[in-house]
Amino acid sequence: MTATNTPALKEWPLWEVFVRSKQGLEHKHCGSLHAADAQQALVMARDVYTRRQEGVSIWVVPSVAITASNPDDKGELFDPAADKIYRHPTFYEIPEEVGHM
Amino acid sequence: MSAVLEKPQATAVVTPVNYLLHLADNAVVLGQRNAEWCGHGPIIEEDLALANMSLDLIGQARLLYSQAAELLGNGATEDTLAYFRDVPDFRNYTLLELPHHSALVGYAKTDLDYGTTIARNFLYAALMVPMWSQLQTAADPALAGIAAKSLKEASYHLRHSRDWLVRLGDGTEESHARMQAALTHLMPYTQEFWTHTALEKEAEAAGVHLDWVQLAADWNALVDDALAEATLTRPAATGYVTQGKAGLHSEHLGFLLAEMQSLTRAHPGATW
């Protein structure tokens with residue numbers, strides 16, 4: 001056996017799985033799984049999340065790489081947007097020539 | 001009248017039923033065997049992976065059995081071939097019917113050993129990838145079609161089993177030892193891949209051409225490459241040469257078939 005300095009992992013790190021569907025342009029988060037490394041996470045994601053032809057491309061990201069907002073900050077982060085409906089582009093007339101936007 | 005050189009009539013090649021059954025039995029027996037992990041996988045992702053691969057194999061078997069049934073006629077169906085034939089009728093490699101454990105008597109119950117599962121899947125997938133790849137261009141269009149579909153599945157099975165072979169081989173002291181033991185146990189059974197029996201001769205005479213020299217070279221290269229990366233030693237393939245494909249099986253196939261066939265035999269003709 002090759003001598004290696006990395007001991008075998010007792011706990012596998014967590015990975016977030018993103019799958020792009022055939023029609024979709026973007027990868028969407030669909031779940032998470034434990035795997036020893038990125039390559040293994042990809043293979044496992046294939047078996048767990050694409051069994052029903054859900055996707056044509058998979059991303060895996062170490063969960064620790066994700067910085068999440070604190071649910072307790074919900075008020076200050078998101079509530080101020082509630083009364084600013086003018087930010088929705090529903091008050092503009094879109095010229096015919098523009099077509100679908 | 002001038003002599004006209006006649007183009008040789010292109011006769012449709014039909015793969016012999018026995019050879020179709022051999023390929024189908026290989027797939028169904030390994031599919032059934034690996035399905036034993038369903039609900040018992042070491043982790044849920046592997047549980048799903050093995051069930052997925054079993055379904056790939058059973059799907060391959062269905063196509064091959066259907067083709068054989070069509071040639072047989074007489075009311076034969078994929079179900080009669082899978083569920084109403086007995087041990088001596090099965091033509092799978094003995095390797096594929098062995099339990100997920102080192103040598104055992106047929107009725108013994110014991111823990112499933114993932115190393116054995118992985119080693120067997122690897123040894124078989126490393127054969128089927130080059131074999132389906134050759135059969136893709138088989139003169140029998142039905143077989144060529146099945147081969148093209150199966151090649152993609154086998155390629156994934158090879159990728160999956162090779163990945164684990166390397167991880168466990170080049171893993172901890174225990175995983176290395178268990179992987180090596182599994183290989184040492186299974187390698188002698190691979191001798192059956194290369195015996196040129198009546199089965200292969202019949203297929204060859206019917207026009208199913210396989211380049212066995214190339215096949216063995218491809219298989220050896222895949223095995224050597226993976227074992228080197230896994231820091232495992234290639235065991236000798238010596239000793240008794242099994243003859244599962246001639247219907248002479250180990251004591252394990254009967255137990256496997258009993259479980260697989262009991263429901264259909266208890267309720268023949270049942271539909272759902």
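Everything discussed here concerns the structure shown above.
Cut-offs applied
Residues numbered from 1 in each chain as written. Chains lettered and ligands numbered in written order. Predicted model: local features only at pLDDT ≥ 70, side-chain atom pairs only at ≥ 80, totals over all residues. Buried ≥ 20, exposed ≤ 12 C-beta atoms within 10 Å, placed from the backbone. Helix = DSSP H or I, 4+ residues; strand = E, 2+ residues; numbered from the N terminus. Pairing = 2+ DSSP bridges. Axes fitted to C-alpha atoms, helices over the stretch in contact; angles between N-to-C directions. Parallel < 35°, antiparallel > 145°, perpendicular 65-115°, else oblique. Left-handed = near helix turned anticlockwise from the far one by under 90°. Contact = placed C-beta atoms within 7 Å. Nonpolar A, V, L, I, M, F, W, Y, C, P; charged D, E, K, R; others polar. Core = buried A, V, L, I, M, F, W, Y, C linked by C-beta atoms within 7 Å. Expected span 1.5 Å × (residues − 1). Arc of directions from axis to C-beta.

Caption draft 1: Main features of the pairing of strand 1 (residues 14–20) of chain A. Residue and element names in this part refer to chain A. Side chains of strand 1 alternate between two faces, with W15, V17 and V19 buried and L14, E16, F18 and R20 left unburied. Two strands pair when backbone bridges link them, and strand 1 and strand 2 (residues 28–34) are joined in this way by 6 bridges, in the antiparallel orientation. The partner of W15 across the bridge, within strand 2, is L33. Two elements, strand 1 and strand 3 (residues 57–62), share 6 bridges in a ladder whose sense is antiparallel. Paired with F18 across the strands is W59, a residue of strand 3.

Caption draft 2: Region of the structure containing the packing of helix 2 (residues 44–72) of chain B against helix 5 (residues 141–169) of chain B. All names here are of chain B. The contact between helix 2 and helix 5 brings their axes to 11 Å, and the two run at 165 degrees. With respect to their mutual orientation, helix 2 and helix 5 come out roughly antiparallel. In the crossing of helix 2 with helix 5, the sense of the turn from one axis to the other is left-handed. Within the contact between the two elements, helix 2 uses A49, M53, D56, Q60, L63, L64 and Q67 and helix 5 uses A142, I146, S150, E153, H157 and H160. Considered class by class, the residues forming the contact of helix 2 with helix 5 number 6 nonpolar, 5 polar and 2 charged.

Caption draft 3: Focus on the sheet that holds strand 3 of chain A. Residues and elements named next belong to chain A. Strand order in this open sheet of 3 strands is 2-1-3, and the pairing throughout is antiparallel. Taken across any chain shown, the strands that pair with only one partner, and hence form the sheet edges, are strand 2 and strand 3. Neighbour to neighbour, the strand axes of the sheet diverge by 30 degrees on average, direction disregarded. Across the sheet, helix 1 (residues 38–49) lies against strand 1, strand 2 and strand 3, angled at about 130 degrees from strand 3, the strand it touches most.

Caption draft 4: Focus on the nonpolar core. Formed by 67 residues in total, the largest nonpolar core has its most connected members in B:A24, B:L64, B:A119, B:A126 and B:L165. For this core, the secondary-structure elements that each account for two or more residues are helix 1 (17–34), helix 2, helix 3 (78–83), helix 4 (114–135), helix 5, helix 6 (173–186), helix 8 (212–229) and helix 9 (252–266) of chain B. Contact partners of B:A24, with chain neighbours within four places excluded, come to B:A61, B:L64, B:Y65 and B:A68. Counting 11 residues, the second-largest nonpolar core is a separate cluster that includes A:V17, A:V19, A:A41 and A:V60.

Caption draft 5: Just helix 8 of chain B, in detail. Residues and elements named next belong to chain B. Over its 18 residues, helix 8 extends 26 Å from the first C-alpha to the last, a length consistent with the 26 Å expected when each residue adds 1.5 Å. Those residues of helix 8 that fall on the buried side of the exposure criterion are W219, V223, A226 and L227. Projected down its long axis, helix 8 shows its buried positions confined to an angular sector of 100 degrees, all on one face. Of the exposed residues in helix 8, the ones pointing more than 90 degrees away from its buried face are V213, Q214, A217, A221, D224 and D225. Residues of helix 8 that are buried in the fold lie against helix 4 and helix 5. Where helix 8 ends, the next residue or the one after it, T231, has phi of about 55 degrees, a positive value.

Treat this as a map of the structure, not an account of what it does.
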